[in-house]
Amino acid sequence: MTGNKIKVGFYSLTGCAGDFLNILNMEDKLLEVFKLLDVVEFALASSKVVHEKVDVAFIEGSVTTQKDLEVLKKIRENCNVLVALGNCAVWGGVQAELTGLDAKDLMKSVYNTTENYYSFLGEHKAVSEVVKVDYELPGCPIEVEEFLELLIDVIRGVIPEFKDYPVCVECKIREIPCLIVERGEACLGPITVGGCKARCPYYNAPCIGCRGPVKEEANVAGELSMLLEKGWKKQEVINRLRLFAARYKDIAKLLER
Ligand code: SF4
Ligand code: SF4
């Protein structure tokens, strides 16, 4: 704490920085909220790196390189509360689809070299697979309203609550006709954690699962068999499932090479 302000840091591992961009984009609220914080480090907003101890560390990105691994362990040592923000930090991100492929082959196909310049680990892990995580806020990117609620709880010292129901519940609340039932679409709403107010079905597009699965509860086998019954091919469904949740245990099993 600095005076009555809590000390926070925002740290990036491997990802597109979309979560922090979303936070910086809340221009109308940003200054008001940040008046309550002592922000010692904020990847994307500033290149300042201080390695200071903080009350709360917010982390985005997956653990993909040796540097990610080392930085993350240091952050964990230096913070009281660690919060993983966004799909990469919570589930490994879209890059986790590549788990199991050889780093050298990937370097060759993208950079035309077999040198492992970035010290890829060959895996794209969620933060919780490496260190203890106190809270996880999913999304690709995160919803800023959810982030603000979380931040206010953390400032007040209240334990935050997180969504534990699927997108389908939000569809029902908004009275959106079901895209699986009505049109046979490969919607991942039944296994994806809510919080986006069923944004995609609201605009007539199936959910592609960007918030990741409902932790420990997503019924992947049920989703797969329902979509097979609707005429989808197994590989088509697997390709959709793996996009944002390749490391979810039941999806990882389907992907075993
Ligand atoms: S459209 Fe998708 S998210 Fe909405 S109820 Fe149907 S399956 Fe669930
Ligand atoms: S409906 Fe699905 S894909 Fe669309 S924003 Fe929500 S979780 Fe993401």
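Reading the values: rules and limits
- Residues numbered from 1 in each chain as written.
- Chains lettered and ligands numbered in written order.
- Predicted model: local features only at pLDDT ≥ 70, side-chain atom pairs only at ≥ 80, totals over all residues.
- Helix = DSSP H or I, 4+ residues; strand = E, 2+ residues; numbered from the N terminus.
- Rg over C-alpha atoms; globule rule 2.2 N^0.38 Å.
- Buried ≥ 20, exposed ≤ 12 C-beta atoms within 10 Å, placed from the backbone.
- Near = placed C-beta within 6 Å.
- Nonpolar A, V, L, I, M, F, W, Y, C, P; charged D, E, K, R; others polar.

With that settled, consider the overall build of the chain. Looking only at helices and strands, one finds 12 helices and seven strands in the chain. By the compact-globule yardstick of 18 Å for 257 residues, the chain fits well, its C-alpha radius of gyration being 19 Å. Reported as C-alpha extents along the three principal axes, the dimensions of the chain are approximately 60 × 50 × 30 Å. Out of the 257 residues in the chain, the part that is buried amounts to 39%.

What follows is about the site of ligand 1. In the neighbourhood of ligand 1, 13 residues make up the surrounding shell, with Cys168, Cys171, Cys178, Cys187 and Gly189 lying closest. Put simply, the parts of the chain that give the shell around ligand 1 at least two residues each are helix 7 (167-173) and helix 8 (179-183). Class assignment for the residues of the shell around ligand 1 results in 12 nonpolar, one polar and no charged.

Mapped onto the elements, glutamate 145 comes out in helix 6 (residues 144-156). C-alpha separation for the pair glutamate 145 and isoleucine 23, spaced 122 residues apart in sequence, amounts to 9.7 Å.

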